[in-house]
Amino acid sequence: MPQQKTPRTRTPGSESEDGQRLEIAGASPSNQALRGLPSVEETRQQLAARLRDLGVETPSPAALIASARATIAHARETILAGGAAPTQSELLADALGLLYKRERPRLRPIINAAGAILNTNLGRAPLSQRAIDSIVSIASGYSTLEFDLDSGERGSRQSHTRGLLCELTGAEDALVVNNNAAAMLLTLAALAAGHEVIVSRGELVEIGGGFRVPDILAQSGARLVEVGTTNRVRLADYADAITSNTALILSVHPSNFRIIGFTEAPQLASLAALAHERDLPLIRDLGSGALFDTSAWGLTREDTIMDALRAGVDVTCFSGDKLLGGPQAGIIVGKCALLERIERHPLMRAMRCDKLTLAALEPTLQTYLDGGALALEELPIWRAISAPLETLQARARRWITELGAAGVSAEVIAGETAIGGGSLPGDTLPTALCATPANGANLGVDPAILTRHLRLGDPAIVARVARGQALFDPRTVAPDQDADLVAAIIRAWRAVLAERA
Ligand SMILES: *Cc1c(COP(=O)(O)O)cnc(C)c1O
């Protein structure tokens, strides 16, 4: 029978409004549920223990208490609102979630064991040590960003990379902006606003993340003139579309898709010849912008920046953080007269990149100039692309030996690494995957739960799940992350088993 307003004594300094309501509610089901909740201190201890299991550095005691307190308060609210009492493991998950929200940066490093070398969601190209050192030194103080030490006067932020880009690609001139989407928008705005731009229907692509060629063109103020069909376009189609109002011909790398079968398109060199005959520039959105010939590793031959220039393209735009292996940037190379118009356009100021980008880009370009072999070794994406299969097999075998010694069932299986980042769609490199549990054995470890633990751990790890196994690709894991990865898999495996117990 519910007690009504029973007078009660209060211990000085203890609870509270909540306590009173609790007392008034008497022996109601919600009262029982509230009494069943652990104390803040118990929750704090469980949280600390769980963090130790996850291998997470313990945050400040204040953060632990705050998260535990907020978790219990939230559980009480839920119960008082008529909701079900959370289970022990739900409470812990809540507390952990709150702690993550409070304490950990949202933008954090992860180990990419998922096997796509360039992934826009995971930050595309990791930088070389040389680029990282340069960022640290430039970020730590003042710099020559727009200052010429020789004259003691104002300099240009383009001066740091212009010479390197020209030397590497053979272009007359070069500009760097925030990303390739900005490079395209700026180039089209500067060279074609108010006029017509001719593009093949097969190249009116969407790259992803909202970059659609027709939309960028519209935003630049240029008018799109489509030629050909989805699968076939001839030189005559371009020639017939040229009018007195045509500003330029645009050629777009189809990036992340491929048209196969009954297809036709003029060679870039023929297109350049046509454009120049009619006094028009040919602009190429190259997308990835490789300096190396990807066919050396059994991949499709991706057009290089030099290919575009050799074909007679007047302005070529590409990304800094795709196959170039540098920071996010949009790089524009080509004829001086055209690049001067682009640099003078008012949008240039809105598109320019910051000092940290330039700090990373300059040494990345310098690495290529220092020699191809050095670039393959120092630039993480090229190290990944050029890693021999035997090396990857040896690493995967080492992983499973260490996992096996800790009681984690795993095996090495053959697999494929994707290039990603809108380059070489469908092309993969052979790799050796560490797969757990071995042979699809059902050991009570659900790979989806295992990979969730790995994502939430520290370091966070992303992996793939296929056919009942979690898959880890050494090609996308930096060799110095091997020990962290194996230790994390062991912790996650144990946590999954402990949860089931
Ligand atoms: C990736 C890509 C872009 C966009 O480049 P961002 O550097 O991501 O802005 C534009 N065009 C093509 C063909 C691409 O592949």
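All values derive from a computational prediction rather than experimental measurement. (Residues numbered from 1 in each chain as written. Predicted model: local features only at pLDDT ≥ 70, side-chain atom pairs only at ≥ 80, totals over all residues. Heavy atoms only, no water.)

1. Here we look at the overall build of the protein
No. 1: The helix and strand inventory of the protein stands at 20 helices and 18 strands.
No. 2: Judged by the C-alpha coordinates and their principal axes, the protein covers about 95 × 55 × 50 Å.
No. 3: Each of the 501 residues in the protein was classed as buried or not, and the buried ones make up 46%.
No. 4: Taking as baseline every contact in the protein between residues at least 6 positions apart, the subset at least 24 positions apart corresponds to 75%.
No. 5: As presented, the protein carries roughly 24,000 Å² of accessible surface, and 52% of it is formed by carbon and sulfur atoms.
No. 6: Within the protein, the 56 negative side-chain charges are centred at a point lying 7 Å from the centre of the 49 positive side-chain charges. (Helix = DSSP H or I, 4+ residues; strand = E, 2+ residues; numbered from the N terminus. Buried < 20%, exposed > 50% of the residue type's maximum accessible area, 1.4 Å probe, protein only. Contact = heavy atoms within 4.5 Å. Areas by Shrake-Rupley, 256 points an atom, 1.4 Å probe, with all protein chains shown as cover. Lys, Arg positive; Asp, Glu negative; His and termini not counted. Charge placed at Lys NZ, Arg CZ, Asp CG, Glu CD.)

2. A look at the packing of aromatic side chains
No. 1: In the structure shown here, the tally under the stated rule is four aromatic pairs.
No. 2: With a centroid separation of 6.3 Å and 70° between ring planes, the pair formed by F292 and W297 is classed as edge-to-face.
No. 3: The class of W297 is partly exposed, set by a relative accessible area of 23%.
No. 4: When the centroid spacing of 4.9 Å and the interplanar angle of 80° are considered together, the rings of F292 and W382 count as edge-to-face. Here W382 lies in helix α17 (residues 380-386) and F292 lies in the loop between β11 (282-287) and α12 (305-310), a separation of 90 residues in the sequence. The same class applies to F292 as to W382, namely buried.
No. 5: Among the aromatic residues, those joined into a ring-pair cluster are F292, W297, Y368 and W382.
No. 6: Above the plane of the ring of F262 lies R232, whose end atom (NZ or CZ) is 3.7 Å from the centre. (Phe/Tyr/Trp six-rings, centres within 6.5 Å; stacked < 30°, edge-to-face > 60°. Lys NZ or Arg CZ within 6 Å of the ring centre and 35° of its normal.)

3. Observations concerning the layout of surface pockets
No. 1: A volume near 1,400 Å³ is recorded for the largest pocket.
No. 2: For the largest pocket, the lining is made up of 42 residues, of which I110, P126, L127, P380 and Q481 are closest to its centre.
No. 3: Looking at which element gives the most residues to the lining of the largest pocket, the answer is helix α6 (residues 129-139), with five residues.
No. 4: Here the residues of the lining of the largest pocket sort into 24 nonpolar, nine polar and nine charged.
No. 5: Each pocket or cavity is described by its volume, and for the second largest pocket that value is around 910 Å³.
No. 6: Residue lining of the second largest pocket: 35 residues in total, with E203, P254, A265, R284 and D303 positioned closest to the centre.
No. 7: With three residues, helix α11 (residues 268-277) is the largest single contributor of residues to the lining of the second largest pocket.
No. 8: Among the residues making up the lining of the second largest pocket, the classes are represented as 15 nonpolar, 11 polar and nine charged. (1 Å grid on protein atoms, 1.4 Å probe; cavity = no way out; pocket = protein on both sides within 12 Å on 5 of 7 lines; lining within 4 Å. Points joined across faces, edges and corners; volume = space filled by probe spheres on them. Nonpolar A, V, L, I, M, F, W, Y, C, P; charged D, E, K, R; others polar.)

4. Thoughts on unusual backbone geometry
Note: most residues except glycine have negative phi, and most peptide bonds are trans.
No. 1: The step from T436 to P437 runs through a cis peptide bond, and the omega angle for that step is -5°.
No. 2: Looking at the element boundaries, P437 is found in the loop between β15 (428-436) and α19 (447-456).
No. 3: For the peptide bond that leads from D458 to P459, omega is 5°, which places it in the cis range.
No. 4: Note that P459 resides in the loop between α19 and β16 (460-462).

5. Remarks on the pairing of strand β14 (residues 411-420)
No. 1: The pairing of strand β2 (residues 116-118) with β14 spans two bridges and is parallel. Note on β14: the bridge partner recorded for A116 is A418.
No. 2: Looking at chain direction, β14 and β15 are connected through eight bridges and run antiparallel. Residue pairing across strands places A418 opposite T428, the latter belonging to β15. (Pairing = 2+ DSSP bridges.)

6. Description of the sheet that holds β15
No. 1: Pairing is mixed in the open sheet, where five strands are placed in the order β2-β14-β15-β18-β17. Of all the strands in the sheet, just β2 and β17 (464-466) have a single pairing partner and so form its edges. Adjacent strand axes in the sheet meet at a mean angle of 40° when their direction is disregarded.
No. 2: Along the sheet face, helix α18 (residues 389-405) touches β14, β15 and β18 (469-472) and points at about 5° away from the line of β15. (Axes fitted to C-alpha atoms, helices over the stretch in contact; angles between N-to-C directions.)

7. Describing the site of the ligand
No. 1: The ligand sits among R124, N179, N180, A181, I207, F211, H253, S255, D285, G287, S319 and K322.
No. 2: At 2.8 Å, a side-chain N or O of S255 approaches an oxygen atom of the ligand.
No. 3: In isolation the ligand exposes 380 Å². Once the protein is present, 94% of that is buried.
No. 4: For the shell around the ligand, the secondary-structure elements that each account for two or more residues are α8 (180-192) and β11.
No. 5: Looking at the shell around the ligand, its residues break down into three nonpolar, six polar and three charged. (Near = heavy atom within 4 Å. Polar contact = N/O pair within 3.5 Å; in protein donor to acceptor, adjacent residues only side chain to side chain.)

8. Considering the environment of D240
No. 1: On the secondary structure map, D240 appears in helix α10 (residues 235-241).
No. 2: The spacing of D240 and D484 is 244 residues in sequence and 61 Å in space, taken between C-alpha atoms.

9. A look at α19
One turn of the α-helix equals 3.6 residues, which is why residues spaced by three or four share an orientation.
No. 1: When we look at burial in α19, the residues that qualify are P447, L450, T451, H453 and L454. Down the axis of α19, the sector holding all buried residues measures 155°, keeping them to one side.
No. 2: Summarising the contacts, the buried residues of α19 are in contact with α3 (40-54), β15, β16, β17, β18 and α20 (482-500).
No. 3: Between the side-chain oxygen at the start of α19 and the backbone nitrogen of A448 there is a gap of 2.8 Å, and the oxygen is on D446. (Arc of directions from axis to C-beta.)

10. Side note on the packing of α3 against helix α5 (residues 88-103)
No. 1: With their axes 10 Å apart at the nearest point, α3 and α5 run at an angle of 75° to one another. The orientation of α3 relative to α5 falls into the category roughly perpendicular. From α3, T43, Q46, L47, R50, L51 and L54 reach across to α5, where they touch Q88, L92, A95, L96, L99 and Y100.
No. 2: A class-by-class count of the residues in the contact of α3 with α5 yields eight nonpolar, three polar and one charged. (Parallel < 35°, antiparallel > 145°, perpendicular 65-115°, else oblique.)

11. Section: the pairing of strand β10 (residues 246-252)
No. 1: Burial analysis of β10 places seven of its seven residues in the buried class, the great majority of the element.
No. 2: One ladder, built from three bridges, connects strand β6 (residues 196-200) with β10; its direction is parallel. The partner of E196 across the bridge, within β10, is T246.
No. 3: Once the chain exits β10 it traverses α11 before rejoining the sheet at β11, and the crossover so formed is right-handed. (Right-handed = clockwise from strand over helix to strand, strands pointing away.)

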